[in-house]
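Given next are the chains, with one letter for each unit.
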Amino acid sequence: MASFSRHDVKRIFYAVRWPLRLTYVGMLAEALVQSLWPLMSVCLFVLAALMLGLQDMVTVEVVWGIAVVAALSGLAALGYAFITFRLPTRDQAVARLDASLPGRPLQALADTQTIGVDDEASATVWRAHQARMAQRAAMAEPVPADLRVSAQDPYALRYLAVLVFGIALLFGSIWRVGSVGDMTPGGGGLASGPVWEGWAESPRYTGKPTIYLNDIPEGLLKVPTGSLITLRLYGEVGALTLSETVSGRTDVPPASDPAQDFTVVQDGTVEINGPGGRIWQIEIIPDTPPHVAVLEDPSASAMGEMTLPFEARDDYGVEAGEARFTLDLASVERRYGLTIDPENRPDLIVPLPTPIAGDRQAFEENLIEDFSEHPWANLPVLVHLSVLDGAEQEFETDPRAMVLPGRRFFDPVAAAVIEQRRDLLWSRANNRRISQILRATAHLPEDLFRNQTDALRLRKVIRQLETFATYGLSDEMQEDLSQEMWDLAIILEEGDLADAAERMQRAQERLNEAIKNGASDEEIAELMRELRRATEDYLQQLSRQAQRQQNENNENQSGNNDNAMQMTQDDLQRMMDRIQELMEQGRMAEAQQALQELQEMMENMRVTQSQQGQGGQSPGEQAMEGLSETLREQQGLSDQAFRDLQEQFNPDAQAGENEGNEGRNGGQGRGQSHEGQQGQGQGNGDQQGAQSGDPSQGEEGSDPRGSIADRQQALRDELQRQQGNLPGAGTPEGEAARDALDRAGRAMDGAEEALRENDLAEAIDNQGQAMEALREGMRALGEMMAEEEGNQQPGQGNQPSDRRAENRDPLGRESGNSGTNGDNSPLALNDDAYGRARELLDEIRRRSGETARPEEERDYLRRLLDRF
């Protein structure tokens, strides 16, 4: 290994020259910052004060005092810089760079071997050491400078100086620095003589900018009234003076005062006398008072919400406004509970709405409030609108007579309660009279109230009134009692009824009362909407009740369904449209007559009960319905067995499919009775316990194979019971149906045995045979029923057309056997059913061709394809 010569060492130092230079520059910056930070802070403070114009806001003496302090601080900072500043050397830079490297390679490269120079082994080690140090030196990087001076500046004055200087850059001006020259003796330029500076600041609410008076020539100057004029006079005291006639001040400061501030309240002149002085003729821009006016009479919604349109304007914008309602006692009809003098109540004051965003100089708005619960509701009042502008000028309209809108009650009892509530709030002296009237009203509650609860609530109010009449009524008690009476009236008017028929009847009565009492268009429109909603709810209730009675197979109630009224929803809609049209045209008598006809039709409408109950269904129809349930049961069991077979051979692949199948008919077979079993159990109580009441089913640890086998056995027993009740004995069709059901029973027995032996493939084959035999039996039974119907005369009540006419809901729509619209018979195949069958066959073909599936499953799928 060759030894390192002095030339090699220089070459290595040359390679690190840039890191060394940058380290030296950093050390120089570090020395400058640590020695000059006080001087820089003082300079930044002084420049910031001058740029912000602080010298123009104080007297000359203060300026000179601050200047002396700044000069002394600057000299002290400069002395600190001379004392602490040390120029770094190259050796210091090398030492700092070398200290940043492991092993100090630069120092090692500069060393020479002194011991063992003649020893070859020692020289070899020395050369290896220098080679390693040369590699480390080649990795040298500049050392960052340490610019921290927190130890010398614990209060961070340097940062404060930078912050103030930044503010001066944003909001100050470098040109203001020169204004200090006029304060120095013999200064030139701006300091050559006395100078002045002034501003005219408009009121903030006007939105106008501040005027710099030095830029405004002599002559006419228009400013808004209330503008603030600020003048500053610089130079020798008395060289410049001010005279003005716009402020109307009585306590006038000396004309030579260097700081002058006054507000413009009138036309006049502002004159600056002296070198460079000016004179302006000030003309104020008047601030006109705001204005507000009611556009039209207030309107009220059906629920009593008042809408009062108004307009407001101001030259600079309306700040706020309010509406004040005062009872117009002279216009009140003083009768009944209003004959005595009312209690003193404060005026009703509400704020006027104003635009949240945008221009407020001129706008139109609506005052929307609900005063239905106020004691003055539906009584004469006087309304005053007032607005305020930014100058606190106020304008108030002349009193406008009106009736304070409030909710109107059309239920007679509710209206009576509200009237007595008004009398109670009018004066406590009406207390005893109110209790007597309400007691007389509630004398025969069964004739007035629809439920006993409302009558009891009214009796409670009466007892409280009688108690308070004896012991006195405080303000709080009066408010609580009036709130209870309001809640009672709302219940009586709207009701908390859950029954659709009563809600519809209530809506009809309220609309009838509104027509008689001359309600407004808005009230009638709201009541018509309520009647439509109540009628729709009533019709839906009728339809649900009819379907529920068909599903439960209840006995016929009257048997005279030929007289049951049927109408479509379109007929009802047309009748209500006609009523509303008559009311809009003002033909109230005809509208009331049409409403009476609608009431009679709705009262005569009743649920058309199905003739498919136990007393109305023929034996063939009952047998057909039972076989349909059995077929659905068998289909669900077959689906469950097929999924279990898939899980048995490929559980991972079928996990997602089983999750998707949960909730379908077959999926309910796990630990639960099948959907068809539940329906069947409702009609056959003896089978319900056998099929779904077994507590062992669904328990943890029970064998699912055994559960399916037990259900298969229960289904076989149900089929045997249905065979005993099968009609058509002795007819060819009846015998064919019995033969088919016998085959279905034997196939079910085979399926049960295979399920108990856990032979799912064999069980599925037998279940398929059972379903096919059930279909054949149902077809034979249907042919027998069709032949029997063909032998009967039309109109006897058993024809399909007769049953369809009877099997209608109150809207004339046909209902299926299960209570849903349409035919849900298993024989009613349509295009969707055939399409679904094709999809199933395609899926079976696809799965049978997948080689990844077990051979036993594929063999079963192929047998399905051969069968169907």
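Asker: So what exactly am I meant to see when it comes to the overall build of the protein here?
Answerer: Tallying secondary structure elements over the protein gives 25 helices and 17 strands in all. A burial count over the protein gives 40% of its 868 residues as buried. Taking as baseline every contact in the protein between residues at least 6 positions apart, the subset at least 24 positions apart corresponds to 71%. About 46600 Å² of surface is accessible on the protein, with carbon and sulfur atoms providing 51% of the total.

Asker: For this particular structure, what's the right way to read the sheet that holds strand 8 (residues 279–285)?
Answerer: Adjacent strands of a sheet form backbone hydrogen bonds with each other and so pair up, either parallel or antiparallel. Sheet architecture is open: four strands sit in the order 3-8-7-5, paired in mixed fashion. In the strand order of this sheet, the two ends are held by strand 3 (219–224) and strand 5 (241–244), each with one partner. Averaged over all adjacent pairs, the angle separating strand axes in this sheet is 25°, with direction ignored. Sheet topology note: the strand 5/strand 7 (residues 268–273) ladder contains four bridges and is antiparallel. The partner of Leu242 across the bridge, within strand 7, is Ile272.

Asker: Help me out: how do you make sense of helix 4 (residues 90–99) in this one?
Answerer: Those residues of helix 4 lying buried are Ala93, Val94, Leu97 and Asp98. Buried residues of helix 4, viewed axially, fall in a sector of 130°; they line one side.

Asker: Sorry, what's going on with the confidence of the model for the protein here?
Answerer: In regions of low pLDDT, the predicted coordinates are not meant to be interpreted in detail. Averaged over every residue, the pLDDT of the protein is 76; the share at 70 or more is 76%. Low confidence marks residues 185–192, where pLDDT is under 50. Its contacts with residues over four positions away, or in another chain, come to eight contacts. Note on residues 653–704: pLDDT is under 50 here. Beyond four places in sequence and across chains, it has 71 contacts.

Asker: Help me understand the side chain of Asn430, please; the structure alone is not making it clear to me.
Answerer: In this structure, Asn430 sits in the loop between helix 8 (412–426) and helix 9 (431–441). Here the side chain of Asn430 touches Asp423 through a polar contact of 3.0 Å, landing on its backbone oxygen.

Asker: Would you mind going over the pairing of strand 13 (residues 348–351) with me for this structure?
Answerer: For a regular strand, side chains alternate in direction, first toward one face of the sheet and then toward the other. Side chains Leu348 and Val350 of strand 13 all project onto a buried face; the interleaved residues Ile349 and Pro351 project onto a face where none is buried. Sheet topology places strand 12 (residues 318–327) next to strand 13; four bridges connect them, and they run antiparallel. Its bridge partner lying in strand 13, Phe325 is registered against Leu348.

Asker: Hey, could you run me through the pattern of salt bridges in this one?
Answerer: As a working rule, side chains carrying opposite charge can pair if their charged atoms are close by. In this structure the tally under the stated criterion is 24 salt bridges. With a shortest N-O distance of 2.9 Å, Arg148 and Asp146 are connected by a salt bridge. Between Asp423 and Arg422 there is a salt bridge, and its shortest N-O distance comes to 3.0 Å. Through salt bridges with shared partners, a single ionic network connects Glu419, Arg422, Asp423 and Arg433.

Asker: How should I be thinking about the nonpolar core in this particular structure?
Answerer: A general tendency of soluble globular proteins is for nonpolar side chains to be buried together. Counting 35 residues, the largest nonpolar core has Leu627, Leu719, Leu774, Leu781 and Tyr860 as the members making the most contacts within it. Of all the secondary structure elements, the ones that give two or more residues to this core are helix 16 (619–649), helix 20 (704–724), helix 21 (732–756), helix 22 (760–791) and helix 25 (855–867). The leading source of residues in this core is helix 22, at 12 residues. Not counting residues within four places of it along the chain, the set of residues in contact with Tyr860 comprises Phe642, Leu645, Ala761, Ile764 and Asp765. Judged by nonpolar contacts, the second largest core, of 27 residues, contains Val292, Val350, Leu385 and Val387.

Asker: What's the story with the packing of helix 2 (residues 17–51) against helix 4 in this structure? I'm lost.
Answerer: In a packed pair of helices, the relevant descriptors are the angle between the two axes and the axis-to-axis distance. Between helix 2 and helix 4, the shortest axis-to-axis distance is 9 Å and the interhelical angle comes to 110°. Judged on the interaxial angle alone, helix 4 and helix 2 are roughly perpendicular. Contacts between helix 2 and helix 4 involve Pro19, Leu20, Thr23, Tyr24, Met27 and Glu30 from the first element and Arg90, Gln92, Ala93, Val94, Arg96 and Leu97 from the second.

Asker: I would appreciate a short explanation of a nonpolar patch on the surface in the present structure.
Answerer: Together, Phe45, Tyr155, Leu157, Leu160, Leu163, Ile167, Leu170 and Phe171 line one region of the surface with nonpolar side chains, adding up to about 900 Å² of accessible area. Ranked by the residues each element gives to the nonpolar patch, the list is headed by helix 7 (residues 157–171), at six residues.

Asker: What's the story with the environment of Thr630 in this structure? I'm lost.
Answerer: Tracing the sequence through the fold places Thr630 in helix 16. Residue Thr630 is classed as buried on the basis of its relative accessible area, which comes to 0%. When the C-alpha positions of Thr630 and Leu719 are compared, they lie 7.2 Å apart, and in sequence the two are 89 residues distant.

Asker: What am I meant to see in the packing of aromatic side chains here?
Answerer: For any pair of aromatic rings, geometry is given as the distance between the ring centres together with the angle between the planes. The full count for this structure, using the stated rule, is six aromatic pairs. Ring centres of Trp196 and Trp280 lie 6.0 Å apart, and the angle between their planes is 80°; on these two criteria the pair is classed as edge-to-face. Of this pair, Trp196 sits in strand 1 (residues 195–201) while Trp280 sits in strand 8, and the two are 84 residues apart along the sequence. Directly above the aromatic system of Trp18 lies the positively charged group of Arg21, at a separation of 4.8 Å from the ring centroid. Above the plane of the ring of Phe409 lies Arg407, whose end atom (NZ or CZ) is 5.3 Å from the centre.

Asker: Would you mind going over the sheet that holds strand 4 (residues 228–234) with me for this structure?
Answerer: If you trace the four strands from one edge of the open sheet to the other, you get 2-1-4-6, paired in antiparallel fashion. Unpaired on one side and paired on the other, strand 2 (211–212) and strand 6 (259–263) mark the two borders of the sheet. Direction of pairing for strand 1 relative to strand 4: antiparallel, over a ladder of seven bridges. Counted as the bridge partner of Glu201 is Leu228 from strand 4.

Asker: Would you mind showing me how to read the packing of helix 8 against helix 9 here?
Answerer: The interhelical angle for the contact between helix 8 and helix 9, taken along N-to-C directions, is 170°, at an axis separation of 10 Å. For the element pair helix 8 / helix 9, the angle class is roughly antiparallel. On helix 9, the residues that touch Gln420, Asp423 and Leu424 of helix 8 are Arg433, Ile434, Ile437 and Leu438. When the residues that make up the contact of helix 8 with helix 9 are grouped by side-chain class, the tally is four nonpolar, one polar and two charged.

Asker: What's the story with a positive patch on the surface in this structure? I'm lost.
Answerer: Taken together, the side chains of Arg457, Arg459, Lys460 and Arg463 make up a positively charged region of the molecular surface. In this structure Arg459 comes out as partly exposed when scored by relative accessible area, which is 33%.

What counts and how
- Residues numbered from 1 in each chain as written.
- Predicted model: local features only at pLDDT ≥ 70, side-chain atom pairs only at ≥ 80, totals over all residues.
- Heavy atoms only, no water.
- Helix = DSSP H or I, 4+ residues; strand = E, 2+ residues; numbered from the N terminus.
- Buried < 20%, exposed > 50% of the residue type's maximum accessible area, 1.4 Å probe, protein only.
- Contact = heavy atoms within 4.5 Å.
- Areas by Shrake-Rupley, 256 points an atom, 1.4 Å probe, with all protein chains shown as cover.
- Pairing = 2+ DSSP bridges.
- Axes fitted to C-alpha atoms, helices over the stretch in contact; angles between N-to-C directions.
- Arc of directions from axis to C-beta.
- pLDDT = per-residue confidence, 0-100.
- Polar contact = N/O pair within 3.5 Å; in protein donor to acceptor, adjacent residues only side chain to side chain.
- Salt bridge = Lys/Arg side-chain N within 4 Å of Asp/Glu carboxyl O.
- Core = buried A, V, L, I, M, F, W, Y, C linked by side-chain atoms within 4.5 Å.
- Parallel < 35°, antiparallel > 145°, perpendicular 65-115°, else oblique.
- Patch = residues over 30% accessible without salt bridge, like charges linked within 9 Å, V, L, I, M, F, W, Y side chains within 5 Å.
- Phe/Tyr/Trp six-rings, centres within 6.5 Å; stacked < 30°, edge-to-face > 60°.
- Lys NZ or Arg CZ within 6 Å of the ring centre and 35° of its normal.
- Nonpolar A, V, L, I, M, F, W, Y, C, P; charged D, E, K, R; others polar.
- Lys, Arg positive; Asp, Glu negative; His and termini not counted.
- Charge placed at Lys NZ, Arg CZ, Asp CG, Glu CD.

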